[in-house]
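# Structural features, examined
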Amino acid sequence: MSTPYASAAPYYARYRPPYPAELYALLVDRFALDGSQTVLDLGAGPGTLSLPLAPLAEHVYAVDPEPAMLAEGCALAEEQGRRNISWLRGDAAGIGRLCLPRIDLCVIGGAFHRMDRVRVPADLDAVLAPRGGIAVVTSVAAAWPSVVDEVRARFLGPDDGTATRSADEPADEPADEPADEPADEPADEPADMEELRDVEEHLAKSAFSRVETTTWERSTRCTVDQVIGLQFSRACSSPALFGDRKDAFASELRHALLNHYPDGTCTRTVTVAATIATRPRR
């Protein structure tokens, strides 16, 4: 059975922004990635984490429940010549059924809040190498202008707050005003303290109780077409929900956005947090 992200997958692969290079530098430093490690990406989507990690690892296992996401990731891997990624249909509840080899690093991009946060670390304890660990990556972005929700509501009705987020999907919650330039250093404070504390608290109670979080804040500039594409990448506004009114929604949203942003671009603050959990040293 397909997930709400089946029709969103092409837009997710094309329009979701990449994670910052500083994230991968941190993972290289913490886990001594030198091309000889095995990485597991849970809730991999179209490979937002898997594809950049592939050159740093011997093999990457990208696991996602949505076949359309895996198909997008496989196509991107072929384009990029990444032949050391296995694309596996599955979810975090079935780690033991994946028959994985010993894993050196498990990454979870924005999907940890949808997993069993007690069971998943316990299951990973059985497959992660003694010096291995978990990296949960969370993105929080500034809210879209109100016209986006207003246009979506005219086509789909008001958001009842039950729309789920997939891996890598920034929370549409308010953050600081957009900055003029990207931050070169980690930000002092996490963007969403409640969600980050939840991640840290669950991991701290697991076998991977050495927990640290690093955050980076930067601004991203989007064209109107990119904003529209990003809406189609979300479960609450995926193309399947609009049916034959998809093009009408895109046209109306484009008109509303151009009224809001006459130059056709907008700047949005995005904060990325990486919470790394490892076993206590003995």
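For the structure, see preceding data.
Every value quoted in this text rests on a predicted model; they were computed, and no experiment measured them.

This part covers the overall build of the protein chain. Within the protein chain, the regular secondary structure consists of 10 helices and eight strands. Expressed as a percentage of its 282 residues, the buried residues of the protein chain come to 49%. For the protein chain, the share of sequence-separated contacts (at least 6 apart) that also reach a separation of at least 24 residues comes to 83%. Total accessible area on the protein chain is roughly 13400 Å²; 49% of this is exposed by carbon and sulfur atoms.

Its boundaries defined by the atoms lining it, the largest pocket holds a volume of some 560 Å³. Lining the largest pocket are 19 residues, with R131, R210, T278, R279 and R281 positioned closest to its centre. When residues of the lining of the largest pocket are traced back to their parent elements, those giving at least two are α2 (21-31), β5 (128-141), β7 (210-223) and β8 (265-278). If one sorts the elements of the lining of the largest pocket by residue count, β5 sits on top with four residues. The class makeup of the residues in the lining of the largest pocket is eight nonpolar, three polar and eight charged.

In this section: the environment of D263. Position of D263 among the secondary structure elements: in the loop between α10 (246-260) and β8. Residue D263 is classed as exposed on the basis of its relative accessible area, which comes to 58%. With 39 residues separating them in the primary sequence, D263 and V224 have C-alpha atoms 9.3 Å apart. Of note is the side chain of D263, whose polar atom sits 3.1 Å from the backbone nitrogen of T265.

Per the counting criterion, the structure on display carries 10 salt bridges. A salt bridge links D29 to R30, with the nearest nitrogen and oxygen atoms 2.6 Å apart. Here D149 and R152 are joined by a salt bridge, their closest N and O atoms 2.2 Å apart. Taken as a pair, D149 and R152 lie in helix α6 (residues 146-156) at a separation of three residues, close to a single helical turn. Judged by its relative accessible area of 41%, D149 falls in the partly exposed class. What makes R152 buried here is its relative accessible area of 6%. A single network of salt bridges, built from pairs that share partners, joins D29, R30 and E212.

The side chains of a regular strand alternate between both faces of the sheet. Burial of strand β2 (residues 59-64) is extensive: five of the six residues sit out of reach of the surface. The pairing of strand β1 (residues 38-42) with β2 spans five bridges and is parallel. Across the sheet, residue D41 finds its bridge partner in β2, namely A62. Taken together, β2, helix α4 (residues 67-80) and strand β3 (residues 85-89) constitute a β-α-β crossover, and its handedness is right-handed.

The phi angle at A32 is positive, at roughly 50°, despite the residue not being glycine. With respect to the helices, strands and loops of the structure, A32 is situated in the loop between α2 and β1. In this structure, C99 is a non-glycine residue whose phi angle is positive, near 55°. Within the secondary structure, C99 sits in the loop between β3 and β4 (103-109). Since its relative accessible area comes to 71%, C99 is described here as exposed.

A word on the packing of aromatic side chains. Evaluated as defined, the whole model comprises seven aromatic pairs. Aromatic pair Y11 and Y15: ring centres 6.3 Å apart, planes at 15°, arrangement stacked. On the criterion of helical spacing, the pair formed by Y11 and Y15 is a turn pair, its members being four residues apart in helix α1 (residues 9-15). On the numbers, 5.6 Å between centres and 65° between planes, the contact of F232 with F249 is edge-to-face. In this pair, F232 is assigned in helix α8 (residues 224-232) and F249 in helix α10, connecting sequence segments 17 residues apart. Exposure class is identical for F232 and F249. Each is buried. Ring-pair connections join several aromatic residues into one group, and the members of that group are Y11, Y15, F155, F232, F242 and F249. Looking at K246, its charged tip hangs above the ring of F232, at a distance of 5.0 Å from the centre. Note that R268 overlies the ring of W144, its terminal NZ or CZ placed 3.5 Å from the centroid.

In this section: the nonpolar core. Counting 30 residues, the largest nonpolar core has L23, L27, L49, L53, I85, L105 and V107 as its most contacted members. Among the nonpolar cores identified, the runner-up in size contains 24 residues, and L42, L98, F208 and A277 belong to it.

Rules used throughout
- Residues numbered from 1 in each chain as written.
- Predicted model: local features only at pLDDT ≥ 70, side-chain atom pairs only at ≥ 80, totals over all residues.
- Heavy atoms only, no water.
- Helix = DSSP H or I, 4+ residues; strand = E, 2+ residues; numbered from the N terminus.
- Buried < 20%, exposed > 50% of the residue type's maximum accessible area, 1.4 Å probe, protein only.
- Contact = heavy atoms within 4.5 Å.
- Areas by Shrake-Rupley, 256 points an atom, 1.4 Å probe, with all protein chains shown as cover.
- 1 Å grid on protein atoms, 1.4 Å probe; cavity = no way out; pocket = protein on both sides within 12 Å on 5 of 7 lines; lining within 4 Å.
- Points joined across faces, edges and corners; volume = space filled by probe spheres on them.
- Nonpolar A, V, L, I, M, F, W, Y, C, P; charged D, E, K, R; others polar.
- Polar contact = N/O pair within 3.5 Å; in protein donor to acceptor, adjacent residues only side chain to side chain.
- Salt bridge = Lys/Arg side-chain N within 4 Å of Asp/Glu carboxyl O.
- Pairing = 2+ DSSP bridges.
- Right-handed = clockwise from strand over helix to strand, strands pointing away.
- Phe/Tyr/Trp six-rings, centres within 6.5 Å; stacked < 30°, edge-to-face > 60°.
- Lys NZ or Arg CZ within 6 Å of the ring centre and 35° of its normal.
- Core = buried A, V, L, I, M, F, W, Y, C linked by side-chain atoms within 4.5 Å.

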